[in-house]
Amino acid sequence: MRKSIVAGNWKMNKTVAEARELVSKLLSPLMEIIDVERVLCPPFTSLFAVSSMLDGSGIGLGVQNMHWEEKGAFTGEIAPNMVKELCNYVIIGHSERRTYFGETNVTVNKKLHAALKHDLTPIVCVGETLDEYESGRTSEVVLRQINLGFADVDPAIASRIVVAYEPVWAIGTGKASSGENANQVHGQVIRPALSGLFGEENAQAIRIQYGGSVTAANASEFFSQSDIDGALVGGASLKPEEFTSIVKAAVK
Ligand code: PEP
């Protein structure tokens, strides 16, 4: 059985002092939930402080973005080997990166290869906009994101990838998808696409998270579905009790 993975994307929130305070509230409750892979993704500036607090806790640390090059004249960017000094996870192609910072399926693919090369667990986000959803284009959009974003990945290491299905219309809106709708996209679009690229056995091993307005109240609806293997949580990951409840609900 695939072990559930729940990651908290703090987005552009929390100073170092605030990050320390949040982690101090999350640490012991999250440490107890060992049956779920737990990951915190603070902003870059808090990584060092959070990393020392998480040391030995079994809780993973991730970044919300990185560059694919190893070094060079890329002002404002962070390289994979720098990430690897502190983290084991990287979120790639979040819809906010795609919408506001020009991320494309091509850059997603470069970052995915860089993450795998540096032994980071990539959490690759895919998902359709409201317009695409309403015009019945979800499969088409998600398939393109997967086929281009995951191109040329060696099937032998593909099971290390985590996919986050995040319908853009559900992110930060309070309007989550239904569990049934998300499960249908996971099981009938994403997993078959992964199977086509990497073979059925690898596709079955890849975790597919749902993301988009996950809360303590709706988490079980998602985790009870056959093809939902965890969640990428934004807003609710900033609330210690709520995030802990979501992680608890992910225990299989
Ligand atoms: C996210 O940041 O990836 C996300 C899903 O946000 P929220 O849970 O706030 O919708």
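Nothing here was measured: the structure is a model prediction, and the numbers come from that model. (Residues numbered from 1 in each chain as written. Predicted model: local features only at pLDDT ≥ 70, side-chain atom pairs only at ≥ 80, totals over all residues. Heavy atoms only, no water.)

Here's the deal with the site of the ligand
Then comes step 1: The local shell around the ligand holds 14 residues, among which K11, H94, E166, G172 and S213 are the closest.
Then comes step 2: Contact distances for the ligand include 2.6 Å between an oxygen atom and a backbone N or O atom of G172.
Then comes step 3: G234 is positioned such that a nitrogen or oxygen atom in its backbone is 2.8 Å from an oxygen atom of the ligand. (Near = heavy atom within 4 Å. Polar contact = N/O pair within 3.5 Å; in protein donor to acceptor, adjacent residues only side chain to side chain.)

Observations concerning the sheet that holds strand β8 (residues 230-233)
Then comes step 1: The 8 strands are arranged β1-β2-β3-β4-β5-β6-β7-β8 in a closed barrel whose pairing can be described as parallel. Each strand axis lies, on average, 25 degrees off the axis of its neighbour in the sheet, ignoring direction.
Then comes step 2: Strands β2 (37-41) and β3 (60-63) of the sheet are contacted by helix α2 (residues 47-54), whose axis makes an angle of about 165 degrees with β3. (Pairing = 2+ DSSP bridges. Helix = DSSP H or I, 4+ residues; strand = E, 2+ residues; numbered from the N terminus. Axes fitted to C-alpha atoms, helices over the stretch in contact; angles between N-to-C directions. Contact = heavy atoms within 4.5 Å.)

Section: the environment of G93
Then comes step 1: Here G93 is to be found in the loop between β4 (89-92) and α4 (95-100).
Then comes step 2: Since its relative accessible area comes to 3%, G93 is described here as buried.
Then comes step 3: Each C-alpha atom, one on G93 and one on I123, is 8.6 Å from the other, the two residues being 30 residues apart in sequence.
Then comes step 4: The residues touching G93, leaving out its near neighbours within four places in the chain, are R98, E103, V108 and C125. (Buried < 20%, exposed > 50% of the residue type's maximum accessible area, 1.4 Å probe, protein only.)

Let's talk about the nonpolar core
Then comes step 1: With 63 residues, the main nonpolar core has V6, L40, F150, V163, I190 and L194 as its most contacted residues.
Then comes step 2: Apart from the residues within four sequence positions on either side, I190 is in contact with V126, V142, I146, V163, Y165, V185 and I208.
Then comes step 3: Residues A7, V39, I91 and V162 belong to the second largest nonpolar core, which totals 11 residues. (Core = buried A, V, L, I, M, F, W, Y, C linked by side-chain atoms within 4.5 Å.)

As far as function goes, none of this settles anything; it's purely spatial.
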